[in-house]
Amino acid sequence: MRAAVLRGPRDVVVEERPQPRPGPAEVLVRVHSVGVCGSDTHYYDHGRIGRFVVEGPLVLGHEASGQIVDVGPGVQGTRAGERVSVEPGLPDLTCEHCLAGRYNLCPNMRFFATPPIDGAFAEYVVVHEAFAHSVPDVIGDDAAALLEPLSVAVWACRKAGVSAGSRVLVTGAGPIGLACVQTALAFGATEVTVSDVNPRRLVLAEELGATAVVHARKTSVTARDRAPTVLLECSGYPPAIVDGIRALDRAGRAVLVGMGGDEIPLPLAVVQERELEVTGTFRYANTWPTAIALVASGRVDLDRLVTGHFRLDQAEEALTAGHRDENAVKVVLRPQA
């Protein structure tokens, strides 16, 4: 099979590799669509993200969908032919966090495209059967792949306690922020304000249901008439984080989703005086059934986020699309094209 392999910063080549074979409790997935994530781009640009360093050849891509074409021992043969969305992490399923249902915090997690685990910029991948989620035909291949970033949004909304009547501020209108807009509305939020510096993305946010938008270079999010009860911070930009926290109403909840610097200043007096809850969020757990239902019902439109398609031999172009086009939102690799 072919795979796009990162050999070092800004060095991607397509290689021929042996087609993987599924082991016990595993399925072989023929990959149809793979979303390009900011983390993929960061590995391409810098060869590392925090403590995760690319020290050898690495296949990027963790937002994947496809079709099961073979099954390993112990897997029902009837699964062959299923269209699936790939949940890209395999926890050990035995640690205290896994047993408590927090498998996203498993210290032994093996996650696609996180060194040294290969990802899905390839024609085939092997997945544990429990993490190959069947999708209905009403969900296309691109949307099935983007159930992964949607799961980030679902998890963030759960952490924030978004429910009927919530007033939500989303800072950052990238793919995750735009998924958060739709998810918050589906969870019952009555007001969803989106802040960003890109006018095109703000227009898209409104088209996806945002009740108000703020151009961050022109207006502060703290200038709203009615303070939000929830902050979903998706930019990772320290000034946006601080302003978002300052904008919150009393007893509000801030969920830090975007990945930025290792440290940020915290407006501690605001947090204390308003009794704000501030928490991080890391990936997701048990989100795929909800994400599938949201897309299948039409409550969330993931196809609207897709702004380009690339072949496997165009992986480098896909990874740099955001550098070339400020209006790019989410590009998708098609390994079989």
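Coordinates for the structure precede this section.
The notes below deal with the structure included here. In this text the structure is predicted, and so the values were computed from the model without any measurement.

This part is about the packing of aromatic side chains. Across all of its chains, the model carries 2 aromatic pairs by this definition. Ring centres of Y103 and F131 lie 5.9 Å apart, and the angle between their planes is 75°; this geometry places the pair in the edge-to-face category. Residue Y103 is located in the loop between α2 (96-99) and β10 (110-111), and its partner F131 is located in the loop between β11 (124-128) and β12 (132-134); the two are separated by 28 residues in the primary sequence. Aromatic pair Y284 and W288: ring centres 5.1 Å apart, planes at 75°, arrangement edge-to-face. Neither Y284 nor W288 differs from the other in exposure class; each is buried. Of note, R283 hangs over the ring of F111, and the distance from its end group to the ring centre comes to 3.7 Å.

So, about the sheet that holds strand β16 (residues 230-233). Across the sheet, which stays open at both edges, the 6 strands sit in the order β15-β14-β13-β16-β17-β18 with parallel pairing between neighbours. Of all strands in the sheet, those bounded by a partner on one side alone are β15 (212-215) and β18 (277-280). On average, adjacent strands in this sheet sit at an angle of 15° to one another, irrespective of strand direction. Relative to strand β14 (residues 191-196), strand β13 (residues 167-171) is paired through 5 bridges, and the arrangement is parallel.

Here we come to empty space enclosed by the protein. Inspection of the entire model under this criterion finds 1 cavity of 30 Å³ or more. The volume enclosed by the largest cavity comes to roughly 40 Å³. Of the residues contributing to the lining of the largest cavity, the split by class is 4 nonpolar, 2 polar and 2 charged.

Let us look at the pattern of salt bridges. One pass over the structure, following the stated rule, counts 14 salt bridges. Between E63 and K330 there is a salt bridge, with its nearest N and O atoms 3.0 Å apart. Taken together, the positions of E63 in strand β7 (residues 63-71) and K330 in strand β20 (residues 330-334) put the pair 267 residues apart, joining distant regions of the chain. The partner of R79 in a salt bridge is E82, and the shortest N-O contact between them spans 2.9 Å. Among the charged side chains, a network of salt bridges with common partners joins E15, R17 and D118.

Another point: the pairing of β15. With 4 bridges joining them, β14 and β15 adopt parallel strand pairing. The partner of T193 across the bridge, within β15, is A212. Of the crossover connections in this fold, the one passing from β14 over helix α6 (residues 199-207) to the parallel β15 is right-handed.

Moving on, we come to unusual backbone geometry. A cis amide bond links P115 to the next residue, P116, at an omega of 5°. As for its position among the elements, P116 is in the loop between β10 and β11. Although it is not a glycine, L93 adopts a positive phi angle of roughly 65°. With relative accessibility at 44%, the residue L93 sits in the partly exposed group. In the Ramachandran plot, A113 falls in the positive-phi region, its phi being about 60° despite a non-glycine side chain. Note on placement: A113 falls in the loop between β10 and β11. Given a relative accessible area of 2%, A113 falls into the buried group.

Reading the values: the criteria
- Residues numbered from 1 in each chain as written.
- Predicted model: local features only at pLDDT ≥ 70, side-chain atom pairs only at ≥ 80, totals over all residues.
- Heavy atoms only, no water.
- Phe/Tyr/Trp six-rings, centres within 6.5 Å; stacked < 30°, edge-to-face > 60°.
- Helix = DSSP H or I, 4+ residues; strand = E, 2+ residues; numbered from the N terminus.
- Buried < 20%, exposed > 50% of the residue type's maximum accessible area, 1.4 Å probe, protein only.
- Lys NZ or Arg CZ within 6 Å of the ring centre and 35° of its normal.
- Pairing = 2+ DSSP bridges.
- Axes fitted to C-alpha atoms, helices over the stretch in contact; angles between N-to-C directions.
- 1 Å grid on protein atoms, 1.4 Å probe; cavity = no way out; pocket = protein on both sides within 12 Å on 5 of 7 lines; lining within 4 Å.
- Points joined across faces, edges and corners; volume = space filled by probe spheres on them.
- Nonpolar A, V, L, I, M, F, W, Y, C, P; charged D, E, K, R; others polar.
- Salt bridge = Lys/Arg side-chain N within 4 Å of Asp/Glu carboxyl O.
- Right-handed = clockwise from strand over helix to strand, strands pointing away.

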